[in-house]
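Topology and contacts: notes
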Amino acid sequence: MSAFVSAFPDKELDNNTSRAVELGGKRLLVCRASGELYAVDNRCSHQEAELAGGRIRGCFISCPLHGVRFNLKDGEPMGHLTRLAIATYPVRVVGGMIEVDVS
Ligand code: FES
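These notes cover the structure that comes with them. (Residues numbered from 1 in each chain as written. Predicted model: local features only at pLDDT ≥ 70, side-chain atom pairs only at ≥ 80, totals over all residues. Heavy atoms only, no water.)

1. Some words on the overall build of the protein
The helix and strand inventory of the protein stands at zero helices and eleven strands. Counting from the amino terminus, the protein carries its helices and strands in the arrangement β-β-β-β-β-β-β-β-β-β-β. By the compact-globule yardstick of 13 Å for 103 residues, the protein fits well, its C-alpha radius of gyration being 13 Å. Projected onto the principal axes, the alpha-carbon positions of the protein cover approximately 40 × 30 × 20 Å. Considering only contacts in the protein between residues 6 or more positions apart, those separated by 24 or more positions represent 41%. Accessible surface computed for the protein: about 5,600 Å², of which carbon and sulfur atoms make up 47%. (Helix = DSSP H or I, 4+ residues; strand = E, 2+ residues; numbered from the N terminus. Rg over C-alpha atoms; globule rule 2.2 N^0.38 Å. Contact = heavy atoms within 4.5 Å. Areas by Shrake-Rupley, 256 points an atom, 1.4 Å probe, with all protein chains shown as cover.)

Next comes the structure, spelled out in structure tokens:
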């Protein structure tokens, strides 16, 4: 069962930027990458650094601490520091608000 929760207005998120939010008890990162919206855990699977502020290119975000790149579509990492994917969440826009399915 889906559980979409309202995050913040869609117009507040510029392209290739991200914003950390806490929704449903989870620390998430909402990203707009190449025009697409994504929501992922705001915690790197290497040493748990926040991904907020990481550089976004294409559909990837780079961890600010050691630079592992994660695919925002499926959470899969690139490189050798970690093989663990980060969780991804369905995201949508309803009435101008970004909503994330935190179920
Ligand atoms: S903590 Fe993210 S790459 Fe090391």
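2. What about the sheet that holds strand β4 (residues 36-41)?
With antiparallel pairing, the four strands of this open sheet are ordered in space as β2-β3-β4-β9. Only two strands of the sheet have a single partner each, and these edge strands are β2 (17-23) and β9 (88-89). (Pairing = 2+ DSSP bridges.)

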